[in-house]
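# Geometric and topological summary
Listed here are the chains, written in short residue letters.
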Amino acid sequence: MSNRSITQKGYPPKNKTAEWLNNHSFDIIYLSCLFIIINYYLEIKHEGGHPWKTGDWLINYTHGLVRRGLIGEILLRISNLGISLLWITFATQSLIYIYLYHLVRKFCTNKERPVEWIILTLSPAYVLFPFYDTAGGFRKEILVFLSFCIILESLINNKNCYLKLFIGYLIYFLACFSHEISAFTLPFFIYAIWIGYRQNVIKKIYAFIYSVLFILTALLAFYIALRYPGDSNTAFAICNSIIQKGLTPHTCSGAIEWLSRDAKYGYTAVAGRITQYLSYLPLFIISITPIFLIENITTSLKRTLFIGFLFTTPLYFVATDWGRWIYIFTFFAFTLIQYENTLKPLHIRQMSPVVILTYLCTWRVPHFGGYLYIFYPALFIAPLRLIKNIINSI
């Protein structure tokens, strides 16, 4: 299925390569989604689970209340019905990705737009991030992404708006108590709710009620994370609970083991790598460059993006996955911009096809490590690396 998004009035026709990418951008994204799902399937089939991509989802309440444990507790209880814990987790993650990309596609293809928009849609820091860095994919932030997209979609399609808004809130609740990073995205949700009010989609009383609910949920998630951070005993008990369900001890060596480490440990780890991690600064600038190429972005949206970025900055001080934090901010920023474009056409600065293709093909954001992947043929290397991983796993 091709996107019918050729040109907007006032934009000159572009070359065939750029046009093809624009018209088939979501064919490319869906194909990348298929690649990462197959790669992850073979990975966990071979290893019996992944320390981060699986382990993080299986933190649960076996040893009592603990941060990040809600989704793992639910999956654990479902597995008690005789369903494989490993494969119900994999299925949940895969379905979230598929539906998430389906929703993003609605924002990106509901009206014609010039080829310059593909620097957002196909950016290595947006939905293609897990394709370029497979170790950074299948993490719990996809829950809060899904929540946000369901809420925005409810504002576009007024049918069952309040039902979808409620479902979006429930998923946000699940996301916050499955990982506290979801609470750091609060400003984007508040902005989306009040967009709904300004568009006469949500009544003022409901906008107020949901704003309070989202704020209280985020605050409670922060409290749980600080009050019940976990320790080595918690990690040991959780590890035993999933080993009994057929997963390998290897699955416990990432996110579950990390429960025994506090924010101070994370801060020390960041401080020890700060010189190396400064390489993320140019990657961050490159990632958000498309925002500054939009000529009529509203003041309220600019303010929201700035506040949203400020809310995520604490993550950079206590955890080393700086590429993921860039990805999280970029996902919310770009999705919100794509949504705003459905309300009022946003005009993006004209660029030559060479500039567009260079931007899309020559960099990526590593989720961890601080390596400077600029002037790096990421678009060509990423599929080759995935194919190699798939072949090695068969």
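Scroll up a little and you will see the structure.
Below is a short write-up of the structure. On a predicted model such as this, the values are computed, not experimentally measured, just so you know. (Residues numbered from 1 in each chain as written. Predicted model: local features only at pLDDT ≥ 70, side-chain atom pairs only at ≥ 80, totals over all residues. Heavy atoms only, no water.)

## Quick word on the overall build of the chain
- Broken down by element type, the chain carries 19 helices and zero strands.
- Its C-alpha atoms put the chain at 65 × 55 × 45 Å along the principal axes.
- Within the chain, the proportion of its 394 residues that are buried is 57%.
- Relative to all contacts within the chain whose residues are 6 or more apart in sequence, the contacts with residues 24 or more apart total 79%.
- Carbon and sulfur atoms make up 66% of the accessible area of the chain, which amounts to about 16,900 Å² in all.
- Taking the 33 positively charged and 18 negatively charged side chains of the chain as two groups, their mean positions are separated by 6 Å. (Helix = DSSP H or I, 4+ residues; strand = E, 2+ residues; numbered from the N terminus. Buried < 20%, exposed > 50% of the residue type's maximum accessible area, 1.4 Å probe, protein only. Contact = heavy atoms within 4.5 Å. Areas by Shrake-Rupley, 256 points an atom, 1.4 Å probe, with all protein chains shown as cover. Lys, Arg positive; Asp, Glu negative; His and termini not counted. Charge placed at Lys NZ, Arg CZ, Asp CG, Glu CD.)

## Examining the packing of aromatic side chains
- Using the criterion set out here, one finds 44 aromatic pairs in the structure.
- For the pair phenylalanine 145 and tyrosine 327, a centre-to-centre distance of 5.3 Å together with 85° between the ring planes defines the contact as edge-to-face. In this pair, phenylalanine 145 is assigned in helix 7 (residues 141-156) and tyrosine 327 in helix 17 (residues 322-343), connecting sequence segments 182 residues apart. Tyrosine 327 shares its class with phenylalanine 145; the two are buried.
- Seen in terms of ring centroids, phenylalanine 284 and phenylalanine 329 are 6.2 Å apart; in terms of plane orientation they differ by 45°. Their pairing is tilted. Taken together, the residues phenylalanine 284 in helix 15 (residues 280-292) and phenylalanine 329 in helix 17 connect sequence positions 45 residues apart. Pair check on accessibility: phenylalanine 284 and phenylalanine 329 agree, each one buried.
- Just above the ring of tyrosine 228 sits the side chain of arginine 227; from NZ or CZ to the centre is 5.0 Å. (Phe/Tyr/Trp six-rings, centres within 6.5 Å; stacked < 30°, edge-to-face > 60°. Lys NZ or Arg CZ within 6 Å of the ring centre and 35° of its normal.)

## A short note on the state of the cysteines
- In total, this model carries one disulfide according to the counting rule given.
- Here cysteine 239 engages in a disulfide with cysteine 252; their sulfurs sit 2.2 Å apart. Looking down the S-S bond of the cysteine 239 and cysteine 252 bridge, the torsion is 95°, so its handedness is right-handed. With cysteine 239 in helix 11 (residues 232-243) and cysteine 252 in the loop between helix 11 and helix 12 (255-258), this pair connects stretches of sequence that are 13 residues apart.
- With no disulfide of its own, cysteine 176 lies 16 Å from the sulfur of cysteine 149, the closest cysteine sulfur. (Disulfide = S-S within 2.5 Å.)

## Brief notes about the packing of helix 7 against helix 17
- In the contact formed by helix 7 and helix 17, the axes pass within 11 Å of each other and the chain directions differ by 10°. Taken together, the axes of helix 7 and helix 17 lie roughly parallel to each other. Across from Glu141, Val144, Phe145, Phe148, Cys149, Leu152, Leu155 and Ile156 in helix 7, the residues of helix 17 making contact are Arg324, Tyr327, Ile328, Phe331, Phe332, Thr335, Leu336, Tyr339 and Thr342.
- Within the contact of helix 7 with helix 17, the residues separate by chemical class into 13 nonpolar, two polar and two charged. (Axes fitted to C-alpha atoms, helices over the stretch in contact; angles between N-to-C directions. Parallel < 35°, antiparallel > 145°, perpendicular 65-115°, else oblique. Nonpolar A, V, L, I, M, F, W, Y, C, P; charged D, E, K, R; others polar.)

## So, unusual backbone geometry
- Look at arginine 68: it is not a glycine, yet its phi comes out positive at around 70°.
- Relative to the assigned elements, arginine 68 resides in the loop between helix 2 (25-47) and helix 3 (70-79).
- In this structure, phenylalanine 138 takes a positive phi of about 60° despite not being glycine.

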